[in-house]
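Residues per chain are reported as follows:
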Amino acid sequence: MKRCLRLGFAVALAWGLAVCAAPGQDQKTFAAPADVDLQRDVEYGKGGGRPLKMHILKPKAPPKGLMPVVVWVHGGGWRGGNKDSGLRLLAPFAQRGYFCASIEYRLSGEAPFPAQIQDCKCAIRFLRARATEFKIDPDRIGVWGGSAGGHLVALLGTSAGIKELEGTGGWQDQPSHVQAVCDWYGPSDLLKISAGRPAKENAPSAVALLLGGPAQERKDLAALASPLTHVGKKAPPFLIVHGDKDATVPLNQSVILRDALKKAGVE
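Residues numbered from 1 in each chain as written. Predicted model: local features only at pLDDT ≥ 70, side-chain atom pairs only at ≥ 80, totals over all residues. Heavy atoms only, no water.

S.K.: Describe the side chain of Glu 166, listing the residues and the values that go with them.
M.R.: Checked against the element boundaries, Glu 166 lands in the loop between helix H5 (148-158) and strand S6 (180-184). Among the polar contacts made by the side chain of Glu 166, one reaches the side chain of Ser 176 at a distance of 2.7 Å. (Helix = DSSP H or I, 4+ residues; strand = E, 2+ residues; numbered from the N terminus. Polar contact = N/O pair within 3.5 Å; in protein donor to acceptor, adjacent residues only side chain to side chain.)

S.K.: Please set out the packing of aromatic side chains residue by residue, giving values where relevant.
M.R.: Summed over the entire model, instances satisfying the criterion amount to eight aromatic pairs. Geometrically, the ring pair formed by Phe 93 and Tyr 98 is edge-to-face, given 5.9 Å between the ring centres and 85 degrees between the ring planes. Between Phe 93 and Trp 144, the ring centres sit 5.5 Å apart and the planes meet at 75 degrees, which makes this aromatic pair edge-to-face. Taken as a pair, Phe 93 in helix H2 (residues 86-95) and Trp 144 in strand S5 (residues 136-146) lie far apart in primary sequence, 51 residues in all. The exposure class of Phe 93 is buried, given its relative accessible area of 0%. Taken together, the aromatic side chains of Trp 72, Phe 93, Tyr 98, Trp 144, Trp 184 and Tyr 185 make up a single cluster linked through ring pairs. (Phe/Tyr/Trp six-rings, centres within 6.5 Å; stacked < 30°, edge-to-face > 60°. Buried < 20%, exposed > 50% of the residue type's maximum accessible area, 1.4 Å probe, protein only.)

S.K.: How would you explain the confidence of the model for the chain if you had to name every residue and give the values?
M.R.: Looking at the chain, pLDDT values average 91 and 87% of them are 70 or higher. Every residue in residues 21-25 scores below 50 in pLDDT, and together they form six contacts with partners more than four places removed in sequence or on other chains. (pLDDT = per-residue confidence, 0-100. Contact = heavy atoms within 4.5 Å.)

S.K.: Describe in detail the layout of surface pockets, supporting the description with residues and values.
M.R.: Of the pockets and cavities examined, the second largest pocket occupies roughly 200 Å³. Surrounding the second largest pocket, 13 residues form its lining, Gly 157, Ala 160, Lys 234, Ala 235 and Pro 236 being those nearest its centre. Taken together, the residues that form the lining of the second largest pocket break down as five nonpolar, six polar and two charged. (1 Å grid on protein atoms, 1.4 Å probe; cavity = no way out; pocket = protein on both sides within 12 Å on 5 of 7 lines; lining within 4 Å. Points joined across faces, edges and corners; volume = space filled by probe spheres on them. Nonpolar A, V, L, I, M, F, W, Y, C, P; charged D, E, K, R; others polar.)

Shown next as structure tokens:
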């Protein structure tokens, strides 16, 4: 039964491809559908001493049972983007009975890695801590993200139980593992992606900004930050989506992650 629930989440996220392809409202003026309750800027923890917030979308008429959860993690090269980008993407899932959250995390200009994944894990712990209040199923939490967000959700899926990635943002008594991952074109091996990309006009790359310096000079940190490093048989099912004309994140970054997951026996 649990397997069916996890795979059902992956099917729902695949359906979301069609949703994202459609034109939508500007996120700053986004108005939730009439049957969706939107709560903006709900504080979920602390990062670097400041509040971290998420937007929550849920059906106004919730289903009889506990709601499964979809968490959106935005992209932007770890240095840009914001949680508003998840509103239009998540609204259709809230209409279908999912409890949805679009989260913020500290960007690389504010704090280097592992701040970003620590904030994401804190958000998952918060949701579990509030499961009874929110009427959600703590055993059916799926994560979805694109580009840098894809990297972070993949890392959420592969790095369960790694202490140094948990952080101290709050809800430490709760686990941060997830039951399903939808990774849209996220980097999986930060050392390899950095080695294959020459610097442009001496400007630091997004990976270098994330790590606080070139990946080749911070190999241990680059490995810690790479979802590929942590792949194991306990990882949840993955849905990986990547275009073969992607000029920002090479397709091979998803291919090597897929191959490693399959070798470990992960769906």
